[in-house]
Amino acid sequence: MRKIHQLSVITGAILMSSAVFAQNPFEHYQSENSASFSGYKHYNYEQNVSTDELMKQGGKIYSSPEEIHAILQGGLKTDIQTGEELWKEGLMFDGIEPMDHMVTAANWFPRTEQVQHNEMRVTFMGTSPMIRPGQANTSIYVELGNGDNFVFDLGEASIANYIGAGVALNELDKVFITHLHVDHFGSLPYLYQFGGWNGRWEKPLTIYGPSGRNPEDGTRHMVEGMLQMLSWHQDAFDVFPSGNDIEVVEYDFKDDGGVIYDVDGVKVSHWRRSHAKDGASAYRLDWTINEEESLCFVWTGDGRPTELDIEYGKGCDLFVTEVQTELVGLASIVQGVPAFLTRYTIDTHHTSGYAAGWLANQVQPRLFMTTHMEFDPYYNNETVAQVREHWKGPYHLARQT
Ligand SMILES: [Zn+2]
Ligand SMILES: [Zn+2]
């Protein structure tokens, strides 16, 4: 029987926290200054006033020290008023327990916590098809407790978030590209050149990607073109002592379920997606930790849901798909694209919010996530509402702020 184990997801990849708790975190709540919020009633805990008494007085009150402490240490497990079970706040979700090594479930500081031996850590380094100053194109970073890591797509500007998260570029030597839309591979030239400069001298950078209907539609052709584009740069970097090799593993896009990587208990397989042209693919990573434990991650890449997604994604621990929120009028205004074109693009190339929820309900993952969307307040509520139409299980937006 498969056991449940550690799966951690970091969605606000570069949301570095600058807020540090004072030695006594309750000092803040006891200070006179904290009584300045209008509508809130100040109350000094040392007076030992009961919460019930304060609630009778009406208005809003601060949480008790015990409540705050419980949240900081273990998440919000139960609604204080109704007794209803809540999801854990912060990074922890229903069904995913805080890890033994973590001091608190309430926060997580990037690059300060080792990936544990049976942990899969998934960090979203870019989450939007539209590049903006605060949001890069799609890229998902998967780290395993065996010390290995995998990059799934490497959209434009996402490389900045790897660097911002403290990942040295020579640590990245396996990139799996779902398809050849530039928002899924735009940072590749930078990783290739500067990864080599940063010390990727022993192992080549390996690019895994699909073939296409014709040779010029395949991943190999794209990489060959990139190398031509980089001719001046590559020559200029030749002064450095070691090579900067690149290898391409171009697999047959039609080989649904085909395994393209099988090393050290980790297998990566792929299947076809319905997206624009032949060649768009989805990936599934299966990691066998030991005889009893395993973890699975799926990134569908772009496309409309099909039976293949259900067949190959069924029951995976973490299932991530793309989503296009059906707010066509708003999207047109924000992006300056005619509404008809937005409507057409969603219908023929992508997964709507409703379809994403439907797909999740078929797949029944431990945790369902959507990405590849602009993270804006006017979209987010609607996205959740659309997904929730069909999927009631654990769900989170994979966004980058
Ligand atoms: Zn895309
Ligand atoms: Zn695409």
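Residues numbered from 1 in each chain as written. Chains lettered and ligands numbered in written order. Predicted model: local features only at pLDDT ≥ 70, side-chain atom pairs only at ≥ 80, totals over all residues.

As annotated in an unreviewed UniProt entry, the protein carries the name Ribonuclease Z and comes from Vibrio variabilis.

Trainee: Explanation requested: helix H12 (residues 377–388) in the structure shown.
Mentor: Since the α-helix packs 3.6 residues into each turn, any two residues three or four apart lie on the same face. Look at H12: 17 Å from first C-alpha to last across 12 residues, which is about the 16 Å you get at 1.5 Å a residue. For H12, the set of buried residues is Tyr379, Thr383, Gln386 and Val387. Take H12 and look down its axis: the buried residues cluster within an arc of 90°, on one side only. Facing away from the buried side of H12 by more than 90 degrees, the exposed set consists of Pro377, Tyr378 and Asn381. Buried residues in H12 make contact with helix H11 (353–363), strand E15 (367–371) and strand E16 (395–397). (Helix = DSSP H or I, 4+ residues; strand = E, 2+ residues; numbered from the N terminus. Expected span 1.5 Å × (residues − 1). Buried ≥ 20, exposed ≤ 12 C-beta atoms within 10 Å, placed from the backbone. Arc of directions from axis to C-beta. Contact = placed C-beta atoms within 7 Å.)

Trainee: Whenever I open this one, the packing of helix H9 (residues 328–335) against helix H10 (residues 339–349) confuses me. Can you help?
Mentor: The description of two helices packed together rests on the angle between their axes and the distance between the axes. Remark: H9 packs on H10, axes separated minimally by 8 Å, with the N-to-C direction vectors making an angle of 120°. The handedness of the crossing between H9 and H10 is right-handed. Across from Val328, Gly329, Ala331 and Ser332 in H9, the residues of H10 making contact are Ala339, Thr342 and Arg343. Residues that form the contact of H9 with H10 fall into these classes: 3 nonpolar, 3 polar and 1 charged. (Axes fitted to C-alpha atoms, helices over the stretch in contact; angles between N-to-C directions. Left-handed = near helix turned anticlockwise from the far one by under 90°. Nonpolar A, V, L, I, M, F, W, Y, C, P; charged D, E, K, R; others polar.)

Trainee: Even after reading the chapter, I still don't get the environment of His233, so can you show me in this structure?
Mentor: In this structure, His233 sits in helix H7 (residues 231–236). Separated by 40 residues in the primary sequence, His233 and Gln193 place their C-alpha atoms 7.9 Å from one another.

Trainee: Teacher, can you tell me more about the sheet that holds E16 here?
Mentor: Either a parallel or an antiparallel arrangement is found when strands of a sheet pair, and the pairing is made through backbone hydrogen bonds. The mixed open sheet is built from 7 strands, whose spatial order is E10-E11-E12-E13-E14-E15-E16. The open sheet has two edge strands with one neighbour each: strand E10 (259–263) and E16. Sheet twist, expressed as the mean angle between neighbouring strand axes with direction ignored, is 15°. Where E10 lies against strand E11 (residues 266–272), 4 bridges are found, and the strand directions are antiparallel. Each bridged residue has a counterpart across the sheet, and for Asp262 the counterpart in E11 is Lys267. Contacts from H11 reach strand E14 (318–322) and E15 within the one sheet, and its direction differs from that of E14 by about 155°. (Pairing = 2+ DSSP bridges.)

Trainee: When you look at unusual backbone geometry in this model, what are you seeing that I'm missing?
Mentor: At Asp264, a position not held by glycine, the phi torsion is positive, near 55°. Here Asp264 shows up in the loop between E10 and E11.

Trainee: What should I look at first to understand the nonpolar core in this one?
Mentor: The tendency in soluble globular proteins is for nonpolar side chains to be buried as a group. Residues Ile140, Val142, Phe176 and Phe297 are the most contacted members of the largest nonpolar core, which totals 64 residues. Here Ile140 is in contact with Val122, Phe124, Met125, Phe152, Asp153, Trp299 and Val320, once residues within four sequence places are set aside. (Core = buried A, V, L, I, M, F, W, Y, C linked by C-beta atoms within 7 Å.)

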